[in-house]
Structure formats: structure tokens, C-alpha cells
Amino acid sequence: MAKPTVLSVGGVQITSTGGQTGALLKSINAAANGTDVNVVPPGATSLPAAPTTPGPHTLVVPASYTGSMSIPSGYTYVIYAGTAPVTGGDGNTQIVGNNLNYTGSAGVVVGTGTGGSVADNAPGALMSFFGNYSVSASGNNDTVKIDPGSPVQVKLTGSGSEVDLGAVGGAASASAAAAAAVIATTTVDLTAPATPGGGADTVKAEVGTSNLLYVKTATDIMATGGATTVVTGTGGVVTLNATGGSQLIFDHDGGNMINAGPATEYVTAVSVPASTFNAMAGGADTIFASSAIGYSNAGGTAASLFFLGGAGAVTVSAAAAETVFGGKGGGSYSVGATSFEFFGGGGADSISGGAGASSVLAFGSSNENLTITQAASTKGNTFVSFGNNDTINAANAAGGNTWQIVNQTLPAAAGGTFTGDSTLMGSSAGSDTFVVYIDGSAPPAHTITIENWQASDVLFISNLASASQSLGASDVAAVNAFQTGGSSSLTLSDGTTIAFQGAKPTTIAHL
């Protein structure tokens, strides 16, 4: 445990083991002991009058004092060991309390002990807390310092203010074990002032803190450690710069800038302006994008991404490994070096991969319109037709792809059919294999249209003549007639039609 800092003036002692609060106590202790010190004597029922001689002056009030705590003017330092409500003071007043309960306009407020409450409206006030405090800071350009282990609830209604959620022992390099031992939850509510005057607020979240930030005004958040939850509301732009710890962001406002840390989860509300999300090298991100978002991994070094799209159009620039569920709003996605799995959401989507990018596993969906563009060096994609009225265009993808087409009836909750009416455009590079699996469950009649057929492609119909389903000799005969005849389409007895636009296969493999 950190060594305690003790303020001792006029026989009253105030103690803190918090790094930031301790540093301020040390400074005030040195300054106050060099002043004219007025100690309230035992048995007194009122505070002394305002000093009449030049200052600075210090007022010391022991815990045994039971009279009114309205601070007389003229005292620079007020040291109070009790818990009764304290009022008064001005911008020149510095108040230190053990379990302090204060309302006023002091320039400096320090609260220690088990906790209390402070409401200060001085502009440019400096406040520091170690303990369970409820704090309201309504002046512009305030600074509120909170030590780890202190579940402080802060509400800022001024602008240009800073909340510093300090590191364990005052050092950002504190060990993880030390941080875990003193973690507490701090809640910060940043609300736009009625009369702005100081610019964006700032929050510094450091090692050893677990923080909940409600943000309703322009705010800069710097997170270097701990666990930080950010909830945005209607207000100015929020900028999060994270270099450590983990962040959970609920973006109800949109239009914000998220520079992510090692582990960031982001959830955006519906129908808000697009926010910008910049991934961190080695980071692992989870994005639930109900609205538009721009996800950027400019260096290509983010480790992993789980992305769920919604109604807004999105742009996603590759992490090394990506799992993407597209939304109805559609999006543009670039592929990283390790893996890329895509599940369509019924929008217009494009997937692109340059040299060194991973191959793709992509599922269509009902009303999905998917286009894939790749460098020639990428081989071995897998494309799965899924749902009704889906389109998968792989004309500009690398060759050697496998297309999975399943004629199967699914439960109504799962969509009713695996592959419905579909348009599948093969790679111009050729060597694609189109696999049609027949399971005999008699799906609704539908047409699979295959375009851009190359001579090196293969069509394989699996389970065509199996005794486990109703198809059989008549379908084998239809396949043989298609191979030698002039028709561009093949219709099977379960209502499945395979139609070719342009070239068609002259040989169909089946079993």
C-alpha cells in the first residue's frame, strides 16, 4: 500500500494514500504552516471573525467543533476535521477536509477520509479527492483529480474542465497487481453548460481505474489504463485517445472521433452521424454499428475485428483477422492478412483485398448484393449462396474459388430456404468450382443464375441420384441432355433451375 501523506496544521491531521490528493496535501501543508494559524479552541460554538491583519491566514477547525461552518472571509487555508456542512469561501480559499461536505466557491478543495459531497462553482477551481465523494463542479476550466480506490461521482456543468482519474500511486507504470487491488468505479457526468466559455472538457483515465463517463458536451478523453465506459449524448464532439486499458463506448450522438486502445468495444445508436474509429496496433475491437461508421486500420496492424453492421453505410479498413456481419445499409470492407469471414445483411457490400490479403469466406443473404475484388495472388475463396434474391459478384476476385449452393428447406425462423433465387458471377481468372447440393427437402422453386462461366470452371451436383431423396433417374437424364443440347438452363424435378448467362459447361460432374 502507498505510504500515506499527512497534512498536520494546528493539531489537526488530514491523511491520504492517494497519489494526486497526497501531492496537493503536501503542498498545502507546507504553505499553511508558514501562515498565521488560528485554531478554534475546545468548547467554542462559533468561528472566529474575519482576520484584520495582512495574510495569508489559516483557519483550523477540529472535529469536536459543533457550531456553524460558514467560513469567514479573509482565510486562505481552511482545515476542517469534522463532517458538518461547510459553506462560504471564494476563489482565494483553499479548503481541506476529512469527510468533507462543502458548498461554495473555493478555489481549491481537497476531500479525504471515507467520503462526502462537494458542490463548487468557482471558475478555474482545483479539486482532489480520495474516498467516496459526490462532486458537482459548475465553474468553467475546473480541474478535478480523483485517486484510484475512490468511487467518486463527478458532474461537470462548466466547459473547458478536466477530470484526471489518476494512476495507482501517482504513477502510470504501476503494476497490474497493484492496480487490481485498488480498483473502484468512478462516474463522471459531463453536461454542456448553459453559457459555454472554456472549450472542450478533458478526462484523463489512467492505470487502476474503472470509470463510467457520461458525456453531453465537447470532451477530450485520454485513457492510458483501467476500464473506461463512455456514454455520449447530444452535445459537442467527443474525442477518445486510448493507449492502454479497455474501453466500452455507447455512442448515442455520433460524429465522434475514437482512437482506440488495445481492447475497445463500440456500440452506436440508430440514425446518428457517422463517427470515425481508428484502430490501435495489435488491438482487438468489437463494433456494433447501428449507424454509419468509418473504421480505419491505416497501418494494417490491428489484430482482430468483430463487426456488426446496421442501417447505415459503413467503411471498414482491415484488421489482420476480421469477422463481419453486414447490415442493410451496406458497406465497403478491405481484407487483412490473416482471415476474413463475411455474412451478408441484405445491403450492397464490397470486399477488396490487395497483395498479401487473406482469402475470403463470404455468405450471401436475402437481398444481399456483394462484390469482391482481389489481387491475383489470392486464391481459394469460399462463397456461399444463402437466402433469396442474393447476388455475389466475384468477376474481379482471384480464381480457384469454391461456390456452395444448397437446395434445402429451412425452418421458417431461419428464412425458409437455404439458397433461393441467386445470381452468382464467377471469377474471370477461372478454375472456380460450383457445388450444388440436393437434399430432397423440396425447397420452393427457384433459379440459380451463373454468369461469367470459364472453360476451367467445374459444376458439380451432389446427391443427385441418392436413394434418400425423390430425385433420381429423370434428373440424371436432364443433366445428360443439358450437356449435349443447346439449352442454357437445367431444371431439376425439385423445381431448382440452374441457368447460365453466356458460356455454359459442357460437362457436369454429379453423383
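Just so it is clear, the model here is predicted, and its values are computed rather than measured. (Residues numbered from 1 in each chain as written. Predicted model: local features only at pLDDT ≥ 70, side-chain atom pairs only at ≥ 80, totals over all residues. Heavy atoms only, no water.)

Caption draft 1: Representation of the environment of isoleucine 448 in the model. Within the element layout of this structure, isoleucine 448 appears in strand β42 (residues 446–451). In contact with isoleucine 448, not counting residues within four places along its chain, are Ile405, Asn407, Thr419, Gly420, Ser422, Leu424, Thr496, Thr497, Ile498 and Ala499. (Helix = DSSP H or I, 4+ residues; strand = E, 2+ residues; numbered from the N terminus. Contact = heavy atoms within 4.5 Å.)

Caption draft 2: Structural context of the packing of aromatic side chains. All chains considered together, the criterion is met by 15 aromatic pairs. Aromatic side chains phenylalanine 386 and phenylalanine 418 sit 4.7 Å apart centroid to centroid with 90 degrees between the ring planes, which places their arrangement in the edge-to-face category. In this pair, phenylalanine 386 sits in the loop between β37 (382–384) and β38 (390–396) while phenylalanine 418 sits in the loop between β39 (402–407) and β40 (422–425), placing the two residues 32 residues apart along the sequence. The exposure class of phenylalanine 386 is partly exposed, given its relative accessible area of 27%. The class of phenylalanine 418 is buried, set by a relative accessible area of 16%. Taken together, the ring pairs in this structure connect Phe383, Trp403, Phe434, Trp453, Phe482 and Phe500 into an aromatic cluster. We note lysine 504 situated over the ring of phenylalanine 482; from NZ or CZ to the ring centre the distance is 4.1 Å. (Phe/Tyr/Trp six-rings, centres within 6.5 Å; stacked < 30°, edge-to-face > 60°. Buried < 20%, exposed > 50% of the residue type's maximum accessible area, 1.4 Å probe, protein only. Lys NZ or Arg CZ within 6 Å of the ring centre and 35° of its normal.)

Caption draft 3: A look at the side chain of histidine 446. Position of histidine 446 relative to the elements: it lies in strand β42. Taking the relative accessible area as the measure of exposure, histidine 446 reaches 4% and is therefore buried. If near-sequence neighbours (up to four positions away) are discounted, histidine 446 is found in contact with Asn407, Thr419, Gly420, Asp421, Gly495, Thr496 and Thr497.

Caption draft 4: Representation of the pairing of strand β31 (residues 321–325) in the model. In the sheet, strand β29 (residues 304–308) pairs with β31 via five bridges, with the strands oriented parallel. Paired with serine 304 across the bridge in β31 is alanine 321. Bridge count between β31 and strand β33 (residues 339–343): five bridges; the pairing is parallel. Paired with glutamate 322 across the bridge in β33 is phenylalanine 340. (Pairing = 2+ DSSP bridges.)

Caption draft 5: Representation of unusual backbone geometry within the structure. The linkage connecting glycine 55 with the following residue, proline 56, adopts the cis geometry, with an omega of 10 degrees. With respect to the helices and strands, the residue proline 56 is situated in the loop between β3 (36–39) and β4 (57–61). In this structure, asparagine 141 takes a positive phi of about 60 degrees despite not being glycine. Inspection of the secondary structure assignment puts asparagine 141 in the loop between β13 (132–137) and β14 (143–146).

Caption draft 6: Structural view of the environment of threonine 76. Its place among the elements puts threonine 76 in the loop between β5 (70–71) and β6 (77–80). Along the primary structure threonine 76 and threonine 35 are separated by 41 residues, whereas in three dimensions their C-alpha atoms are 9.2 Å apart. Discounting residues that sit within four places of it in the chain, threonine 76 has contacts with Pro56, His57, Asn92, Thr93 and Gln94.

Caption draft 7: Inspection of the pairing of strand β15 (residues 153–156) at higher detail. Of the two faces of β15, only one is covered, namely that formed by Val154 and Leu156; the face formed by Gln153 and Lys155 stays uncovered. Alignment of β13 against β15, held across four bridges, turns out to be parallel. Across the sheet, residue valine 135 finds its bridge partner in β15, namely valine 154. Relative to strand β17 (residues 185–191), β15 runs parallel, the two sharing four bridges. Among the inter-strand pairings, valine 154 is bridged to a residue of β17, identified as valine 188.

Caption draft 8: Focus on the pattern of salt bridges. Here the structure, examined in full by the defined rule, presents two salt bridges. For lysine 145, the salt bridge identified is with aspartate 164, shortest N-O distance 3.8 Å. Taken together, the residues lysine 145 in strand β14 and aspartate 164 in strand β16 (residues 162–165) connect sequence positions 19 residues apart. Using a relative accessible area of 22% as the deciding quantity, one classes lysine 145 as partly exposed. Overall, aspartate 164 belongs to the buried group, its relative accessible area being 5%. With a shortest N-O distance of 3.6 Å, glutamate 162 and lysine 204 are connected by a salt bridge. With glutamate 162 in strand β16 and lysine 204 in strand β18 (residues 201–205), this residue pair connects regions lying 42 residues apart in the sequence. (Salt bridge = Lys/Arg side-chain N within 4 Å of Asp/Glu carboxyl O.)

Fair warning: the whole summary comes from geometry, so function is off the table for now.
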